[in-house]
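Overview (structure and organization)
Read off the chains here:
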Amino acid sequence: MDILQKIEKTKKYILSRSGFKAGIAVIAGSGLGQLKEEFEIIKTIKYSKIPYFAKTTVSGHAGELNFCSHKGTKFLIFSGRFHYYEGHSAQDVVYPVRIMNALGVKTVIITAAAGGINKKYKHGDIVVLKDHINFTGNNPLIGTNIDGLGERFPEMTEIYDLKLRNKSIKTAKKLKIKAYEGVYFGVTGPSYETAAEVDAYRKLGGDIVGMSVVYEAIAAAHMKMKVLGISYVSNMAAGINKTRLNHQEVLETGKKTGLNMTKIIKGVLEDIK
């Protein structure tokens with residue numbers, strides 16, 4: 001069974017369980033599972049029930065698809081993602097993005113936790129992505145191109161939609177939420193970066209560093225979807241300060257920062273409507 005056949009089977013399963021159509025989807029990253037609690041949840045499907053979805057193994061990733069509504073705008077929240085470091089292929093990591101597109105989603109909001117590289121950032125700050133650097137050594141489009149999804153050599157000049165970025169920054173400023181625009185430096189993980197690596201990533205142009213986002217954004221751009229990337233600084237990366245790094249800190253920061261992230265996302269949803 002080829003990828004298009006799998007996508008069609010997954011699409012039919014989801015529609016048969018929900019009958020739900022939405023033009024917007026949100027990927028909830030580490031520690032941001034509570035995003036769904038700020039919206040009306042119409043239905044939930046566990047990833048484990050969805051054909052061809054991988055299994056989430058990371059704490060803070062619930063592994064469920066939520067069908068939500070906000071002031072009349074219907075949208076999807078993919079609560080939890082798959083990571084390359086879990087042993088999934090790059091193609092498996094972006095399979096949910098392929099499904100979003102098949103379901104009619106035109107705009108995807110990608111959220112994530114990230115380590116702060118830019119020294120002006122602080123723990124808990126929000127960063128709206130203006131670009132990324134894929135330093136993973138892989139790409140989800142490697143292999144035979146699927147012409148039914150997108151072209152062989154897709155354009156990536158403005159992978160993160162300018163209008164959505166401006167709306168996010170404007171909303172944050174209106175709500176007095178500290179937010180920056182920055183470049184996401186994508187690595188494989190799962191080990192945190194060394195101080196020397198962080199110094200190198202900063203010199204290469206990174207403002208924050210993380211273990212997700214880039215594959216999803218590339219796949220979305222391949223299918224001509226609009227992308228908004230929003231990250232929170234879960235911790236300052238190695239060498240920036242003397243704090244030891246751990247995943248629990250990421251989850252705790254996500255809980256504290258999640259409300260501000262939700263406020264920005266609500267502003268974007270209302271604007272898209």
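Overview of the structure. Everything quoted here is computed from the prediction, not taken from an experiment. (Residues numbered from 1 in each chain as written. Predicted model: local features only at pLDDT ≥ 70, side-chain atom pairs only at ≥ 80, totals over all residues. Heavy atoms only, no water.)

1. Some points on the layout of surface pockets
The following threshold applies: Method remark: on a 1 Å grid restricted to protein atoms, a set of points is classed as a cavity if a 1.4 Å probe fits but cannot get out and as a pocket if it is open with protein on both sides within 12 Å along at least five of seven lines; lining residues have an atom within 4 Å of a point. Grid points are joined across faces, edges and corners, and a volume is the space filled by probe spheres set on the points. A run of DSSP states H or I qualifies as a helix once it reaches four residues; a run of E qualifies as a strand once it reaches two. Both are numbered from the N-terminal end. Each residue gets one of three labels, nonpolar for Ala, Val, Leu, Ile, Met, Phe, Trp, Tyr, Cys and Pro, charged for Asp, Glu, Lys and Arg, and polar for the others, Gly among them.
There is about 280 Å³ of room inside the second largest pocket. In terms of lining residues, the second largest pocket is bounded by 15 residues, among which Ile3, Gln91, Asp92, Arg98 and Ile146 are the most central. For the lining of the second largest pocket, the secondary structure elements donating two or more residues are helix H1 (3–18), helix H2 (90–93) and helix H3 (95–102). Of the residues that constitute the lining of the second largest pocket, the class distribution is 8 nonpolar, 4 polar and 3 charged.

2. Quick word on the pairing of strand S5 (residues 107–116)
This is how it is decided: Relative accessible area decides the class of each residue, using a 1.4 Å probe on protein chains only: under 20% of the type maximum gives buried, over 50% gives exposed, and in between gives partly exposed. Note on pairing: two strands pair once DSSP finds at least 2 bridges between them.
Taking burial as the measure, the 10 residues of S5 include 10 buried ones, the bulk of the element. Inspection of the sheet shows S5 paired to strand S9 (residues 226–236) by 10 bridges, in the parallel sense. Residue pairing across strands places Thr107 opposite Lys226, the latter belonging to S9. In this sheet, strand S8 (residues 208–210) lies alongside S5 in antiparallel orientation, the contact comprising 2 bridges. Bridge pairing in S8 links Gly115 to Val209.

3. Digging into the side chain of Asp161
Rule in force here: For the charge count, each Lys or Arg is scored as positive and each Asp or Glu as negative, with His and the chain ends excluded. Salt bridges are defined as contacts in which a side-chain nitrogen from Lys or Arg sits within 4 Å of a carboxyl oxygen from Asp or Glu. Side-chain atoms alone can form a polar contact between residues adjacent in sequence; in general such a contact is a pair of N or O atoms within 3.5 Å, and within protein one must be able to donate a hydrogen while the other accepts it. Residues count as neighbours in contact if any of their non-hydrogen atoms are within 4.5 Å of one another.
The topology assignment puts Asp161 in the loop between strand S6 (126–134) and helix H4 (162–174). Buried Asp161, no salt bridge; nearest opposite-charge side chain is Lys226, N-O distance 4.8 Å. At 3.0 Å, the side chain of Asp161 and the backbone nitrogen of Leu164 are in polar contact. Each residue touching Asp161, except ones within four places of it in the same chain, is listed here: Lys226 and Val227.

4. Quick look at the nonpolar core
For clarity, the cut-off: Among buried residues, those of type Ala, Val, Leu, Ile, Met, Phe, Trp, Tyr and Cys that are joined through side-chain atoms within 4.5 Å constitute a nonpolar core.
Core analysis: the biggest nonpolar cluster contains 53 residues, and Leu76 and Met100 have the highest contact counts within it. It is helix H6 (residues 214–222) that contributes the most residues to this core, 7 residues altogether. Leu35, Ala113, Ile230 and Met261 belong to the second largest nonpolar core, which has 23 residues in total.

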